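# Architecture and fold: a report
The primary structure of each chain is shown beneath.
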Amino acid sequence: MTLSVAIVGSGPSGFYTADALYRGREDCQIDIIERLPAPYGLIRGGVAPDHQTTKNVARNFEKTALRDRVRYYGHVCIGADLSLAELRGMYDAVVLATGAPLDRPLTIPGGDLPGVIGSADFVGWYNGHPDFSDLEPPIDQAGVAVIGNGNVAIDIARVLSKTRAELAPADIADYALEAIAAAPITDVYMFGRRGPVEAKFTNVELREMGELADCVPVVDPDVLPETIDGEMSDRDRRLKAKNIETLRGFTEITGRTTTKRVHFVFHAAPVEVLGEDRVTGLRLERTKVVDGRAVGTGAFFEIDCGLVLPAIGYRSAPVDGAPFNDDYGLIDSNDGRVEPGLYVVGWIKRGPTGVIATNRPDGKQVAELIAGDIPNGDKPGRAALEAALGEKGVAWVSFADWQKIDAAEIAAAPDGAPRRKFTTITDMLAVLD
Ligand code: NAP
């Protein structure tokens, strides 16, 4: 092999890059290094557990992992087991595909009270991510406030609003299913600081909110405009009109008595989380949209809630040995090239936007850059990695090992569910003993 590439992170951006490198050059050896034993990043830990079809893309990633020139090294942490500098010494190119695992902070008074839990942590909790399986969020509340009008906010609102039977076909963590089914939740609020036209959730996700078994969406008809004004593409105008039509449909639902309600509250910017030693409520300011921005009107209101879940976007984590743009929470690059030999793809390159397939062109672009930058590699790659891990006593999880863990999860699946997830690293590794 003349080109050795290490990809750090095994989410969609990592796997699309591996695929592009594999197809791009026959002399390229590709090693995917992942901190957790389980691969697939947000496919496993971020995509909503009741959106199983979105996870089907993992089958393609599995095919990539099984290619002859690709190898998976799970449960190896760059920055702890091995430094980035060490890795760069071993491989001709290193691609960082570590995503954006941190929450953007809610910087209002009370934003750090117990009972305020960012979406990265909360979604990780119900998805059984080992980092968050012992989170124990206080969901034994009647009122829950979700801040934000993106797809993550709507995912959270939907998962909290579904019945046990609706969640049965999901791969939600056992403990989360039990907690949600037992919680006395009656009112979930989704607060958008701008209006319904500016909301970022997509129509499929919005429509689902009108199809829940024991939950009804609540929308004030007065906030829904008759026309979609302003400069935008025809496509955007159509999509926004569709959302408004769906929301209008929600205002016409009558005669349904349900245990839960999801309130879509627009033009409401959070200004303070209320409570002494834990969350008891949220104070918000009514806004209007001026030149696309939310502007406060000076009118305030409060709601009672015991849990506040900001779903207001993510940040990447710095990687020791790589430059980090702290203002934007990502690594600056030139189309993915940080410098020859070091590259970024996915959310750590672009910030936390787009869907899974948005990562595919990132991978292709970086594979081409690498091919151009390094016509002939001269570093040992895999042999050096395995020697170093062996020396340091790091027992990595191979893809065959992961397949055993995967099979054990599938074998333990409750009725109707695709799998029962192991939610700690210890439990995953126990399968391999
Ligand atoms: P997002 O789409 O950027 O939405 C973030 C939301 O938070 C926006 O409504 C934003 O309002 C609001 N916000 C930001 N700062 C705020 C503040 N200080 N106070 C109040 N509200 C604030 O991000 P996301 O929901 O985390 O999703 C990330 C990406 O993953 C998106 O591209 C999303 O489409 C994708 N995703 C897709 C799916 C799916 O396809 N089913 C599911 C999950 C995620 P403004 O608009 O006013 O800034």
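To be clear, the structure that these remarks concern was listed above.
On to the overall build of the chain, then. Assigned secondary structure in the chain consists of 15 helices and 16 strands. What you see for the chain is a C-alpha radius of gyration of 23 Å, in line with the 22 Å of a compact globule of 433 residues. In the chain, which comprises 433 residues, the share counted as buried stands at 52%. Expressed as a percentage of contacts within the chain between residues at least 6 apart in sequence, the contacts between residues at least 24 apart total 74%.

The subject of this paragraph is the pairing of strand β9 (residues 260–265). For β9, a buried count of 5 out of 6 residues is recorded, marking the element as mostly surrounded by other parts of the structure. Note that strand β7 (residues 187–191) and β9 share 5 bridges and pair parallel. Each residue of the ladder has a partner; that of Asp 187, found in β9, is Arg 261. Relative to β9, strand β8 (residues 215–219) runs parallel, the two sharing 5 bridges. The residue of β9 that forms the bridge with Cys 215 is Lys 260.

Strand order in the open sheet formed by 3 strands is β10-β11-β12, and the pairing between neighbours is antiparallel. Each edge of the open sheet is held by one strand with a lone partner, namely β10 (268–274) and β12 (293–304). Ignoring which end each strand starts from, the neighbouring axes of this sheet average 25 degrees apart. In the sheet, strand β11 (residues 281–290) pairs with β12 via 9 bridges, with the strands oriented antiparallel.

This next bit is on the environment of Asn 359. Its location among the elements puts Asn 359 in helix α12 (residues 359–373). The exposure class of Asn 359 is buried, given its relative accessible area of 7%. In sequence terms Asn 359 and Ala 58 are 301 residues apart; their C-alpha atoms lie 14 Å from each other. Residues within four places of Asn 359 in sequence aside, it is in contact with Pro 12, Ser 13, Tyr 16, Gly 346, Trp 347 and Arg 350.

For the rest of this paragraph, the subject is the packing of helix α1 (residues 12–24) against helix α3 (residues 58–65). Direction vectors running N to C along α1 and α3 enclose 50 degrees, while the axes themselves pass 10 Å from each other. One finds that α1 runs oblique with respect to α3. Crossing of α1 over α3 shows left-handed handedness. Of α3, the residues touching α1 (which contributes Pro 12, Phe 15, Tyr 16, Ala 18 and Asp 19) are Phe 61, Thr 64 and Ala 65.

Another aspect to go through is α3. The set of residues buried in α3 consists of Ala 58, Phe 61, Thr 64 and Ala 65. For α3, the buried positions fall inside an angular range of 105 degrees around the axis, keeping them on one side. In α3, those exposed residues whose orientation departs by more than 90 degrees from the buried face are Arg 59 and Lys 63. Here the buried face of α3 lies against α1, α2 (42–45), β3 (70–73) and α14 (399–411).

Moving on, we get to the side chain of Ser 10. With respect to the helices, strands and loops of the structure, Ser 10 is situated in the loop between β1 (3–8) and α1. Beyond its immediate sequence surroundings of up to four residues, Ser 10 is in contact with Phe 15, Ile 32, Glu 34, Ala 38, Pro 39, Tyr 40, Gly 41 and Tyr 72.

The subject of this paragraph is the packing of α1 against α12. Direction vectors running N to C along α1 and α12 enclose 45 degrees, while the axes themselves pass 8 Å from each other. Our classification of the angle between α1 and α12 gives oblique. In the packing of α1 onto α12, the handedness of the crossing is right-handed. Contact residues: Pro 12, Ser 13, Tyr 16, Thr 17, Ala 20 and Leu 21 in α1; Asn 359, Arg 360, Gly 363, Lys 364, Val 366, Ala 367 and Ile 370 in α12. Counted by class, the contact of α1 with α12 contains 7 nonpolar, 4 polar and 2 charged residues.

Generally speaking, nonpolar side chains in soluble globular proteins are found buried as a group. Ranked by size, the top nonpolar core spans 45 residues in total, and within it Phe 122, Tyr 126, Ile 156, Leu 160, Ile 172, Phe 264 and Leu 309 carry the most contacts. Among the elements that line this core, the one with the most residues is helix α6 (residues 151–161), at 6 residues. Not counting chain neighbours up to four residues away, the residues in contact with Ile 172 comprise Pro 49, Tyr 126, Val 159, Leu 167, Leu 177 and Ile 180. If you look at the next biggest cluster of nonpolar residues, it comprises 39 residues, including Tyr 22, Ile 30, Ile 32 and Ala 93.

Here we come to the state of the cysteines. Within the structure shown, the criterion is met by 0 disulfides. You can see Cys 305 has no disulfide; the closest cysteine sulfur is in Cys 215, sitting 16 Å from it.

With that settled, consider a positive patch on the surface. On the surface, a cluster of positive charge is contributed by Arg 104, Arg 193, Lys 200 and Arg 293. On the secondary structure map, Arg 193 appears in the loop between β7 and α9 (203–208). The exposed category is assigned to Arg 193, whose relative accessible area is 56%.

We now examine unusual backbone geometry. Residue Tyr 40 is not a glycine yet carries a positive backbone phi of 90 degrees. By secondary structure assignment, the location of Tyr 40 is in the loop between β2 (28–33) and α2. For Tyr 40, a relative accessible area of 7% gives the class buried.

Rules used in this analysis
Residues numbered from 1 in each chain as written. Predicted model: local features only at pLDDT ≥ 70, side-chain atom pairs only at ≥ 80, totals over all residues. Heavy atoms only, no water. Helix = DSSP H or I, 4+ residues; strand = E, 2+ residues; numbered from the N terminus. Rg over C-alpha atoms; globule rule 2.2 N^0.38 Å. Buried < 20%, exposed > 50% of the residue type's maximum accessible area, 1.4 Å probe, protein only. Contact = heavy atoms within 4.5 Å. Pairing = 2+ DSSP bridges. Axes fitted to C-alpha atoms, helices over the stretch in contact; angles between N-to-C directions. Parallel < 35°, antiparallel > 145°, perpendicular 65-115°, else oblique. Left-handed = near helix turned anticlockwise from the far one by under 90°. Arc of directions from axis to C-beta. Nonpolar A, V, L, I, M, F, W, Y, C, P; charged D, E, K, R; others polar. Core = buried A, V, L, I, M, F, W, Y, C linked by side-chain atoms within 4.5 Å. Disulfide = S-S within 2.5 Å. Patch = residues over 30% accessible without salt bridge, like charges linked within 9 Å, V, L, I, M, F, W, Y side chains within 5 Å. Areas by Shrake-Rupley, 256 points an atom, 1.4 Å probe, with all protein chains shown as cover. Salt bridge = Lys/Arg side-chain N within 4 Å of Asp/Glu carboxyl O. Lys, Arg positive; Asp, Glu negative; His and termini not counted. Charge placed at Lys NZ, Arg CZ, Asp CG, Glu CD.

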